[in-house]
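# Structural overview
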Amino acid sequence: MITAIRDAWIVTQDPNRNILKGDVVIENDIITSVGGRYGGSVDRDIDASGDVVMPGMINTHTHVAMAPLKGVCDDLAFPDFLNKVFKIDSDRTDHDLDMGTRLGCAEMMRGGTTTFVDLYYSEDVIAKATQDAGIRGVLCWCCLDEQFTTQKGNPLDNCKHFYETHKDKRKIIPGVGLQGVYVCGEETCVGAKEFADEKDIPLNFHLSETRGEVNDHKKKTGLRPVEWLDSIGALSPNMIAAHSAWLTMNEVRLMGAAGMSASLCAVSNMKLATGGVAPLPEFLQYGVNVTIGTDSNNTNNSLDMFSEMKILGLLHKSSRWDATVAPAQQLLDYCTINGAKAIGMSDKLGSIEKGKYADIVILDGKAPNMRPLLPDNIVANIAYSASSLNVKTVFCQGDMVVEDGRILTLDMPEVLDASEQIWKQLCLRE
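We now turn to the structure provided with this report. The shown structure was predicted, so the numbers you read here are calculated from the model rather than taken from an experiment.

### Things to note about the packing of helix 2 (residues 94-110) against helix 3 (residues 123-133)
The geometry of helix 2 relative to helix 3 is characterised by a closest axis approach of 8 Å and an angle of 40° between their N-to-C directions. Viewed along their axes, helix 2 and helix 3 form a crossing whose handedness is right-handed. Residues Asp94, Leu97, Asp98, Thr101, Arg102, Cys105 and Met109 of helix 2 form the contact with helix 3, whose participating residues are Val125, Ile126, Lys128, Ala129, Thr130, Asp132 and Ala133. Broken down by class, the residue content of the contact of helix 2 with helix 3 amounts to seven nonpolar, two polar and five charged.

Right under this line is the structure:
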């Protein structure tokens, strides 16, 4: 199957950040030509004249199955929020998780996200729904100490079993998760890190999200979370640390030395009023790979990476009193090539280059919010002007999953109806 996307502005995100005019050719699941006019035979032609072609975005921290829980726990103090979420979450069925995943995947696909990193339990259920949706899931099974879990058996053993049963499935990358140091002791943290390193797979975890988390851990161990993880040998380049809002410079240096990635979740942190702003300039200074995550639908409440990209940039400019912080090109990097690096797939994802997977998004370049549209302002338009509503067509590994704004892979009336029934069953009982 050969597809040609014709006459587009191509934001390649290649090493030189070239912006080209011309065609992108996909053969099966691989990009085979970028730029210029392709004269070979094709099976499918897509007229993208005046439109923008960009790499699919990579959301590096989600809890996708929570998508039906929008508006359930809004406007609550953080302890009350946690209590309500834990209560609802303990009552969820596999059907809830399946339909929640389908809804979350649909929202992400419609918003130009082609890969997401998930942290949850029952990732086997989430994997099936993700495969049906047709986008790529880096599914990190949540590990924590047995005394704190509702999982049957040992969570790390469950994670290892999930890896073995799903390591060869298309567009599914089984990973390791840690809930956080507040429920993960040394044995759990070291075991999770060692398994992730052994298999060379991503490890996603919550880190220093709140000041209380940090203070409690320091009282318990005498060390801040990153310092403690370093002291027990549990830092790794496979780690993607979500939130990372309450850190010292020493902790940032330790993360950089370990080759870690940070997934910044600005909207979630602001909405929950947990305070703290991730030390973005210092991450860059000391070599921490910066990426962007939305967190879940009940803390954000959307999975829209365009919105997340813009708000993250504005937060850091405002908090530093410096408009040069987080420029547009960096913001786009965080969502594409940096995300690919975080999940160990820089050779396959994150840019539109020959030989990489065809994870491609076509944006409506004729929409008023995208005009004027010139090579000099395309990246700024993507970072500051675009929205998920500009997404026309989406490919993930060569598969067209969205066409002209219509999701092709899921029974959307069924998913939408199920989401409302789930909301009523879980959230209207109190």
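### Digging into unusual backbone geometry
Cis geometry marks the peptide bond from Asn300 to Asn301, where omega comes out at 10°. Position of Asn301 relative to the elements: it lies in the loop between strand 13 (289-292) and helix 11 (305-320). Here the bond from Arg371 into Pro372 is cis, since omega is 0°, no more than 30 degrees from zero. Following the sequence through the fold, Pro372 ends up in the loop between strand 14 (360-363) and helix 14 (378-385). At Ala273, a residue that is not glycine, the phi angle is positive and equals roughly 55°.

### Quick word on a negative patch on the surface
A contiguous patch of negative charge, built from Glu146, Asp157, Glu186 and Glu187, is present on the exposed surface. Along the chain, Glu186 falls in helix 5 (residues 186-199). Assessed through its relative accessible area of 47%, Glu186 is described here as partly exposed.

### Things to note about the nonpolar core
Within the largest apolar cluster, 125 residues are counted, with the highest numbers of intra-cluster contacts made by Leu229, Met255, Phe283 and Ile382. The leading source of residues in this core is helix 2, at seven residues. Leave out the neighbours within four places in its chain, and Leu229 touches Val181, Cys189, Phe205, Leu207, Ala234 and Leu235. Grouped together as the second largest cluster of nonpolar side chains are 15 residues, Ile5, Ala48, Ile360 and Ile362 included.

### Regarding the pairing of strand 1 (residues 2-11)
With nine of its ten residues buried, strand 1 lies for the most part within the structure. Across eight bridges, strand 1 lies against strand 2 (residues 19-27) in antiparallel orientation. Counted as the bridge partner of Ile2 is Glu27 from strand 2. Note: strand 1 against strand 4 (residues 44-47), four bridges, orientation parallel. Residue Ala4 lies in a different strand from strand 4, and its bridge partner there is Asp45. Relative to strand 5 (residues 52-55), strand 1 runs parallel, the two being bridged by two bridges. Directly across from Ile10, in strand 5, lies its bridge partner Val53.

### Remarks on helix 12 (residues 328-335)
With six of eight residues buried, helix 12 is to be regarded as a mostly interior element. Here helix 12 has its buried residues at Ala328, Leu331, Leu332, Asp333, Tyr334 and Cys335.

### Quick notes on the environment of Ser319
Along the chain, the position of Ser319 falls in helix 11. Separated by 42 residues in the primary sequence, Ser319 and Val277 have C-alpha atoms spaced 7.8 Å apart. A distance of 3.4 Å separates a polar side-chain atom of Ser319 from the backbone oxygen of His316.

Rules used throughout
Residues numbered from 1 in each chain as written. Predicted model: local features only at pLDDT ≥ 70, side-chain atom pairs only at ≥ 80, totals over all residues. Heavy atoms only, no water. Axes fitted to C-alpha atoms, helices over the stretch in contact; angles between N-to-C directions. Helix = DSSP H or I, 4+ residues; strand = E, 2+ residues; numbered from the N terminus. Left-handed = near helix turned anticlockwise from the far one by under 90°. Contact = heavy atoms within 4.5 Å. Nonpolar A, V, L, I, M, F, W, Y, C, P; charged D, E, K, R; others polar. Patch = residues over 30% accessible without salt bridge, like charges linked within 9 Å, V, L, I, M, F, W, Y side chains within 5 Å. Areas by Shrake-Rupley, 256 points an atom, 1.4 Å probe, with all protein chains shown as cover. Salt bridge = Lys/Arg side-chain N within 4 Å of Asp/Glu carboxyl O. Lys, Arg positive; Asp, Glu negative; His and termini not counted. Charge placed at Lys NZ, Arg CZ, Asp CG, Glu CD. Buried < 20%, exposed > 50% of the residue type's maximum accessible area, 1.4 Å probe, protein only. Core = buried A, V, L, I, M, F, W, Y, C linked by side-chain atoms within 4.5 Å. Pairing = 2+ DSSP bridges. Polar contact = N/O pair within 3.5 Å; in protein donor to acceptor, adjacent residues only side chain to side chain.

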